[in-house]
Amino acid sequence: MTTEFKNNGNKPVKHLDQVTIRFVGDSGDGMQLTGTQFTTSAALLGNDVFTFPNYPSEIRAPQGSLYGVSGFQVQIGAKNIDTPGDKLDLLVAMNPAALKKNIKDLKKGGMIIVDTDAFTKSNLQKAKYESNPLEDGSLKDYIVVQVPMTSLTREALKDIPIDSKSKTRSKNMFALGMVYWLYGKDPKYTIEFLRKKFKNKPEIVEANIKALTTGWNYAETLELIPVSYIVDEAPHHAVDYKIITGNTATAWGFLAAAEKAGLKLFLGSYPITPATDILQELSKYRALDVIAFQAEDEIAGISSAIGASFAGKLAITTTSGPGLALKSEAIGLAVMLEIPLVIVDVQRGGPSTGLPTKTEQADLMQALFGRNGESPVVVVAAKSPADAFTMAFEASKIALEHMTPILLMTDGYIGNGSEPWTVKRLKDLPEIKPPLVTETIENWHPYDRDPDTLARKWVIPGVPGMEHVIGGLEKDKVTGAISYEPENHEYMVKIRQEKVDRVANYIPKLTPEFNDEGDLLVVGWGGTYGALRTAVAQLNEEGKKVGLAHFNYINPLPHGVKDVFSRFKKIIVAELNMGQFANFLRMNHQEFKYEQYNKIQGLPFTVEELVNAFKKLLK
Amino acid sequence: MTTKIKYTFKDFQSDQEVRWCPGCDDYVILRSVQKALPLIDLPKEKFVFVSGIGCSSRFPYYMANYGLHGIHGRAAAIATGVRLANPDLSVFVMTGDGDSLAIGGNHFIHALRRDINLNIILFNNEIYGLTKGQFSPTSRIGQKTKTSPYGNTQPPFNPGELAIGAEARFFARVAGNDAKHQTEIYVQAHHFEGTALVEVLQNCVIFNDGAYKFWTDKSVRDEHTVYVEHGKPMIFGKNRDKGLILDGLELKEVTIGENGITEDDILVHDAHNPDPTLHLMLVRMKNPLVMGVIRSVKEKTLEEREAELTEHVKAISKIKSFDDLVS
């Protein structure tokens, strides 16, 4: 294998600012791996990247079926990239079903690479094609690169002593090799990866590398592909970074917070899509004294976390919408106990089981209000995969220093999506100082409060002379003993609210991006940041005076909302629900009129639709 | 730093006024626990009482220890978190038949399955007391309650049977009015490493009075109950002349001295047998009803497994800090 992975100069090279590629196939075709490999190589070779996997909830749906199509989309750029891209420049479709489900997202004039071997009569039928799209002219608007990928791969691997199934399975590497050539990417990192991953199976390594190389060479010689493209290095690459999904970033944020606070981390959780990755990730870190407890159900997940918090851990629980519903009563208990607890909701399409693998932002009302009684909690949201690290850290800091449960909202899109995260080390992060008591203090009462934060002290079992009982019943404002006194209850309800409200004094003030004043303020929260930012940037490039106010902190709202909102002629709140944040703003700032842009399709915003919607308001 | 202090039961009494109904067995349970703790060589601050909801669950307020009064059914799950977080604590779960066998059934069985070192004291009064008299998962068929005015149609759980089915390694049964036996058993439950379940036959004087009098009334209790101890023959009766033998696949009551039966024929209790078959038969028997530690099988606890694994991973891992992870 002496292939030199460089365009040998026989075809012209075109420079591009950014490219969006989607790899699609059966859920067993290895498309997630293929996409991840391409992303990693592009990033290591200097591009900015942003990915979005889109997979079915069926684990292995029947081969060739429409509902078994699994995809991985990536945008790579020579400049800052905040979304996985709207429309595709290249679609790699491993079978007719993959083509059928994804062709609508391809740009006119875009390229399709298909495995013609998969376009059999039976697969065409399964994809509900009446005639073969490769032959009936329906793809005339695109450059269609027809490659008998399966047979070429099998032919290339004929001398390698592995079973026939494994040979066929290597076709994803053939496809990847073609795409690497097309974008001038050296596949050395994938080769390194394959050698490491299959280090005990040399034949599999050989087969995969051979398939990759064959794909590369095939693309180079194929006349159908007239040019190759280069996406230049993005400027941010001087720094230390890792490509990280939002779920991994969330897990790491907690690891960092625990160590920074001098505490051990306890996660009580129950598997639920799309939040399970956080539990899986934290299960790896016994070496850092993490207890990742897989409980018998969602309720036990949070209840065990409450117990661990009572006993002095940084306690967290992770879930998605239906699980959050099950945790409601226990969140109320944590509100009443006034103990630190972080609840992560990786939102998915609802209601009920809804769309487990798709994204949505429709749990906001549940997070804010989904409990009995006056039960305020702090609610924060992460705006991108990398920001999930920052917000998991921040949520831990607030929970610990303010002695309160806090909800961290992410979603399936940023949870599964990935982008480069600038590596943070402990020295780069702020201090966390919980009001933990480990030695006897005189004249102490369980509900004595800090005069500034109103947080009570965190006295944990084992400290002599400080024995006390806390519980879900209303308690006396000082002693913590059960109290049914009417005035005491009202006092306690108000002070619990006040404690949460005062968190606003400890978080950053709202600052708009792009413009401090103007014709339109775009308002968003959470995982839509990338699309909103890209859309607003585009409008500003066109000379429009548009600002972006994106909220990481939802309850309490940060200071400065009124000031910022009043400097724009119009306000539009864009979110992936029916208008939950818009309504929350109406409740808190009635003096403004809020336009809405909403999408409830289980999909993230596209930049194009946002630009169009915002332009309508600028007329 | 912990100094050895000699405690008396008074050291475990809180300043809160006890608000159970006069005559309730809960008072006996409270006093028995308060008398058990001084017999355990552990400083007061190392005990934690966790409860759910119900009459039983007011318990932590009456103890001068650390306590957490949780929400309905979740005591075992909360206690699991406390114990995993700090294995130096002795954690008691104070719960009832509604709390642990109905709404909290899932946490109850999973705590037993995991064998985490908790002491679960199950106040079984076969009724919902705090909500004023509805049938519970241990109420008997035909029992008239406020929600079964014509008689209960739902067959009950036998807590011991359920527990053994859920892999319980320690199960004991005590009478709610027998303070001395309770104190003994609570000490044993504490010392058992693993999930120890103690079922207390607790009389609810208001809504289900006399539910256990066939076994707990002083006039008949010697004849209707057998107090078992590991390694000792299962002999009972006022004159210590009755015993249990295994007849085929059934336990049978016999009289010593009749039909050639001698004391040597009486079955010797083996609480440590991992095979639960005989324990299940003992748990199911109604007359005589079996009291005491029926099953006590030491296995590796969840905490021990966790600690071993963590130690192993630490020994082979290069990651000692978050900074190592991202480097």
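Parameters at a glance
Residues numbered from 1 in each chain as written. Chains lettered and ligands numbered in written order. Predicted model: local features only at pLDDT ≥ 70, side-chain atom pairs only at ≥ 80, totals over all residues. Helix = DSSP H or I, 4+ residues; strand = E, 2+ residues; numbered from the N terminus. Contact = placed C-beta atoms within 7 Å. Rg over C-alpha atoms; globule rule 2.2 N^0.38 Å. Buried ≥ 20, exposed ≤ 12 C-beta atoms within 10 Å, placed from the backbone. Nonpolar A, V, L, I, M, F, W, Y, C, P; charged D, E, K, R; others polar. Pairing = 2+ DSSP bridges. Expected span 1.5 Å × (residues − 1). Axes fitted to C-alpha atoms, helices over the stretch in contact; angles between N-to-C directions. Parallel < 35°, antiparallel > 145°, perpendicular 65-115°, else oblique. Left-handed = near helix turned anticlockwise from the far one by under 90°. Domains from an automatic or database assignment. Core = buried A, V, L, I, M, F, W, Y, C linked by C-beta atoms within 7 Å. Right-handed = clockwise from strand over helix to strand, strands pointing away.

1. Observations regarding the overall build of chain A
For step 1, the next point in the chain: Counting secondary structure elements, chain A contains 20 helices and 24 strands.
For step 2, the next point in the chain: C-alpha extents for chain A along the principal axes are approximately 85 × 60 × 45 Å.
For step 3, the next point in the chain: For chain A, the proportion of contacts with a sequence separation of at least 24, taken over those separated by at least 6, is 77%.

2. Quick look at the overall build of chain B
For step 1, the next point in the chain: A count of helices and strands for chain B gives 11 helices and 11 strands.
For step 2, the next point in the chain: Its C-alpha atoms give chain B a radius of gyration of 21 Å, within 12% of the compact-globule value 20 Å for 327 residues.
For step 3, the next point in the chain: In terms of principal-axis extent, the alpha carbons of chain B reach across some 80 × 45 × 45 Å.
For step 4, the next point in the chain: Taking all 327 residues of chain B together, 49% fall into the buried category.

3. A word on the interface of chain B and chain A
Interface size, as often reported, equals the accessible area lost upon joining of the parts.
For step 1, the next point in the chain: Each partner contributes residues to the interface: chain B has 42 residues there, and chain A has 45 residues.
For step 2, the next point in the chain: Contributions of two or more residues to the side of chain B that touches chain A are made by strand S2 (66–69), helix H2 (75–85), helix H4 (105–114), helix H10 (302–316) and helix H11 (322–326) of chain B.
For step 3, the next point in the chain: Of the residues forming the side of chain B that touches chain A, the biggest block, eight residues, is contributed by H2(B).
For step 4, the next point in the chain: Looking at side-chain class alone, the side of chain B that touches chain A contains 21 nonpolar, 14 polar and seven charged residues.
For step 5, the next point in the chain: Pairing analysis gives three bridges linking strand S19 (residues 469–471) of chain A to S2(B), with the strands arranged parallel. Directly across from Ile470(A), in S2(B), lies its bridge partner Leu68(B).

4. Considerations on helix H9 (residues 246–261) of chain A
For step 1, the next point in the chain: Between the first and last C-alpha of H9(A) there are 22 Å, a value that for 16 residues agrees with the 22 Å anticipated at 1.5 Å per step.
For step 2, the next point in the chain: Directly beyond the C-terminal end of H9(A), a positive phi value near 70° is found at Gly262(A).

5. Concerning the sheet that holds strand S7 (residues 225–228) of chain B
For step 1, the next point in the chain: Pairing within the open sheet is mixed, and its nine strands lie in the order S19(A)-S2(B)-S1(B)-S3(B)-S4(B)-S6(B)-S5(B)-S11(B)-S7(B). Looking at the sheet topology across the chains shown, the edges are occupied by S19 of chain A together with S7 of chain B. Neighbour-to-neighbour, the strand axes of this sheet turn through a mean angle of 20°, independent of strand direction.
For step 2, the next point in the chain: Both strand S5 (residues 170–175) of chain B and strand S11 (residues 289–296) of chain B contribute to a ladder of four bridges, which runs antiparallel. If you follow Phe171(B) over to S11(B), its bridge partner there is Arg295(B).

6. A word on the environment of Met466(A)
Residues and elements named next belong to chain A.
For step 1, the next point in the chain: Checked against the element boundaries, Met466 lands in the loop between strand S18 (458–459) and S19.
For step 2, the next point in the chain: Sequence spacing of Met466 and Thr438 is 28 residues, and the spatial spacing of their C-alpha atoms is 9.6 Å.
For step 3, the next point in the chain: Among all residues touching Met466, those that are not within four sequence positions of it are Val437, Thr440, Trp444 and Val459.

7. Here's the deal with the packing of helix H7 (residues 188–197) of chain A against helix H8 (residues 202–221) of chain A
Residues and elements named next belong to chain A.
For step 1, the next point in the chain: Following both chains from N to C, one finds H7 and H8 inclined at 165°, their axes separated by 9 Å at the closest point. Relative to H8, H7 is oriented roughly antiparallel. Our pair here, H7 against H8, has a crossing hand that is right-handed. On H8, the residues that touch Thr190, Ile191, Leu194 and Arg195 of H7 are Val205, Asn208, Ile209 and Leu212.
For step 2, the next point in the chain: For the contact of H7 with H8, the residue count by class is five nonpolar, two polar and one charged.

8. Looking at the domain arrangement of chain A
Residues and elements named next belong to chain A.
For step 1, the next point in the chain: Each domain of chain A was delimited in the assignment, giving domain 1 (13–236), domain 2 (243–428), domain 3 (436–506) and domain 4 (518–618).
For step 2, the next point in the chain: Between domain 1 and domain 4, the C-alpha centre-to-centre distance is 36 Å.
For step 3, the next point in the chain: Contact with domain 1, which involves four residues of that partner, is made by seven residues of domain 4.
For step 4, the next point in the chain: Residues that form the side of domain 1 that touches domain 4 fall into these classes: one nonpolar, one polar and two charged.

9. A look at the nonpolar core
For step 1, the next point in the chain: Counting residues in hydrophobic clusters, the biggest one holds 253 residues, and the most contacted among them are Leu408(A), Val522(A), Val82(B), Val93(B) and Val198(B).
For step 2, the next point in the chain: Contacts of Val198(B), omitting those with residues within four sequence positions, involve Ile121(B), Leu122(B), Ala172(B), Val174(B), Ile185(B), Tyr186(B) and Ala189(B).

10. What about unusual backbone geometry?
For step 1, the next point in the chain: Note that the residue after Thr273(A), namely Pro274(A), is joined by a cis bond; omega there is 0°.
For step 2, the next point in the chain: If you trace the backbone, Pro274(A) turns up in the loop between strand S10 (265–269) and helix H10 (276–282).
For step 3, the next point in the chain: For the bond from Gly350(A) to Pro351(A), the omega torsion is 0°, close enough to zero to count as cis.
For step 4, the next point in the chain: With respect to the helices and strands, the residue Pro351(A) is situated in the loop between strand S13 (341–347) and helix H13 (364–369).
For step 5, the next point in the chain: The phi angle at Arg240(B) is positive, at roughly 50°, despite the residue not being glycine.
For step 6, the next point in the chain: Position of Arg240(B) relative to the elements: it lies in the loop between strand S8 (235–236) and strand S9 (242–247).
For step 7, the next point in the chain: The phi dihedral of Asn259(B) falls on the positive side, at around 50°, and the residue is not glycine.
For step 8, the next point in the chain: Relative to the elements of secondary structure, Asn259(B) occurs in the loop between strand S10 (250–255) and helix H9 (277–284).

11. Quick notes on the sheet that holds S8(B)
Residue and element names in this part refer to chain B.
For step 1, the next point in the chain: Across the sheet, three strands lie side by side as S8-S9-S10; this open sheet has antiparallel pairing. On the outer flanks of this sheet lie S8 and S10, each paired with one strand and no other.
For step 2, the next point in the chain: Strand direction decides the pairing type here: S8 and S9, joined by two bridges, are antiparallel. Along S9, the bridge assignment pairs Phe236 with Lys242.

12. Examining the pairing of strand S12 (residues 314–319) of chain A
All names here are of chain A.
For step 1, the next point in the chain: Judged by how many residues are buried, S12 sits mostly within the fold: six of six residues are covered.
For step 2, the next point in the chain: Direction of pairing for S10 relative to S12: parallel, over a ladder of three bridges. From the neighbouring strand, Leu267 faces S12, where its bridge partner is Ile316.
For step 3, the next point in the chain: Running through helix H12 (residues 321–337), the crossover from S12 to the neighbouring parallel element S13 is right-handed.

13. Considering the environment of Lys424(A)
Residue and element names in this part refer to chain A.
For step 1, the next point in the chain: As for its position among the elements, Lys424 is in the loop between strand S16 (418–422) and strand S17 (436–437).
For step 2, the next point in the chain: Residues Lys424 and Phe389, spaced 35 residues apart in sequence, show a C-alpha to C-alpha distance of 9.3 Å.
For step 3, the next point in the chain: Apart from the residues within four sequence positions on either side, Lys424 is in contact with Ala256, Phe389 and Leu429.

14. Side note on helix H1 (residues 31–44) of chain A
All names here are of chain A.
For step 1, the next point in the chain: Across its 14 residues, H1 extends 20 Å between first and last C-alpha, which sits within 8% of the 20 Å expected from 1.5 Å per residue.
For step 2, the next point in the chain: Burial analysis of H1 places 11 of its 14 residues in the buried class, the great majority of the element.
For step 3, the next point in the chain: Within H1, burial applies to Met31, Gln32, Thr34, Gly35, Thr36, Gln37, Phe38, Thr39, Ser41, Ala42 and Ala43.
For step 4, the next point in the chain: Phi for Gly46, located one or two positions after H1, is positive at around 115°.

15. Some thoughts on the pairing of S13(A)
For step 1, the next point in the chain: Of all seven residues in S13(A), seven are buried; the element is thus mostly enclosed.
For step 2, the next point in the chain: Where burial is concerned, the two faces of S13(A) agree: the one with Leu341(A), Ile343(A), Asp345(A) and Gln347(A) and the one with Val342(A), Val344(A) and Val346(A) are both buried.

16. Brief notes about the packing of helix H1 (residues 26–36) of chain B against helix H6 (residues 179–191) of chain B
Residue and element names in this part refer to chain B.
For step 1, the next point in the chain: Close contact between H1 and H6 brings their axes to 8 Å; oriented N to C, the two are set at 50°. Comparing the axis directions of H1 and H6 gives the class oblique. For the crossing formed where H1 meets H6, the hand is right-handed. Of the residues in H6, those in contact with Val28, Ile29, Arg31, Ser32, Val33, Lys35 and Ala36 of H1 are Ala179, Gln182, Thr183, Tyr186 and Val187.
For step 2, the next point in the chain: When the residues that make up the contact of H1 with H6 are grouped by side-chain class, the tally is seven nonpolar, three polar and two charged.

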